[in-house]
Amino acid sequence: MSKRILFVCLGNICRSPSAHAVTRRLAPGWEIDSAGTSDWHVGEPPYGPMQQAARARGIEMGDLRARQFHAGDFGRFDLIVAMDADNLARIEALRPAGSTTPVRLFTGFAGPDAGDHVPDPYYTRDFDGCLDLIEICAKGLIETA
Ligand code: 4NP
């Protein structure tokens, strides 16, 4: 079944564009998008070191541009996927009255070893570890959706 999925992080230049690029490759029939809860990087491509780490494993995200999450996104997707609890709360704060669109943590689609959030590589600098976790979560999401 085809799905419309929106991935959301803070800046939309590291975690959510990576989730976007990994998932669109694994589920080519699905409609995938990504956004940030902040407006800090709107219009920018994904962060250079993130793109390089992804490209090294054959994942291309250079076509993506950051945009800010907005309340209208609740009506445009079947599922909204947050990278951590802080961003999940920021998303929920914008939920329109009557909207029932689910908002889930990405790590909830992986096993218990995945932890409860996708650590932000903008701060940890662990771009490969971020991609490893995102690939596990994306596979889990596709299997359960
Ligand atoms: P992201 O990472 O939320 O995974 O895109 C960040 C990127 C940039 C900033 C914070 C987080 N920043 O502070 O500019």
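What counts, and at which threshold
Residues numbered from 1 in each chain as written. Predicted model: local features only at pLDDT ≥ 70, side-chain atom pairs only at ≥ 80, totals over all residues. Heavy atoms only, no water. Near = heavy atom within 4 Å. Polar contact = N/O pair within 3.5 Å; in protein donor to acceptor, adjacent residues only side chain to side chain. Nonpolar A, V, L, I, M, F, W, Y, C, P; charged D, E, K, R; others polar. Phe/Tyr/Trp six-rings, centres within 6.5 Å; stacked < 30°, edge-to-face > 60°. Buried < 20%, exposed > 50% of the residue type's maximum accessible area, 1.4 Å probe, protein only. Salt bridge = Lys/Arg side-chain N within 4 Å of Asp/Glu carboxyl O.

Caption draft 1: Spatial organisation of the site of the ligand. Lining the immediate environment of the ligand, one finds Cys-9, Leu-10, Gly-11, Asn-12, Ile-13, Cys-14, Arg-15, Trp-40, His-41, Asp-120, Tyr-122 and Tyr-123. Take Cys-14: an N or O atom from its main chain is 3.0 Å from an oxygen atom of the ligand. At 3.1 Å from an oxygen atom of the ligand is found a side-chain nitrogen or oxygen belonging to Tyr-123. Partitioned by chemical class, the residues of the shell around the ligand number seven nonpolar, three polar and two charged.

Caption draft 2: Structural detail: the packing of aromatic side chains. The final tally for this structure, using the stated rule, is five aromatic pairs. Ring centres of Phe-69 and Phe-74 lie 5.7 Å apart, and the angle between their planes is 80°; on these two criteria the pair is classed as edge-to-face. Among the residues examined, Phe-74 registers a relative accessible area of 2% and is labelled buried. A connected cluster of aromatic rings, assembled from ring pairs, spans Tyr-47, Tyr-122, Tyr-123 and Phe-127.

Caption draft 3: A look at the pattern of salt bridges. The final tally for this structure, using the stated rule, is 13 salt bridges. Between Asp-73 and Arg-67 there is a salt bridge; the shortest N-O distance is 2.9 Å. Look at the salt bridges and you will find they share partners, linking Asp-33, Arg-67, Asp-73 and Arg-76 into a network.

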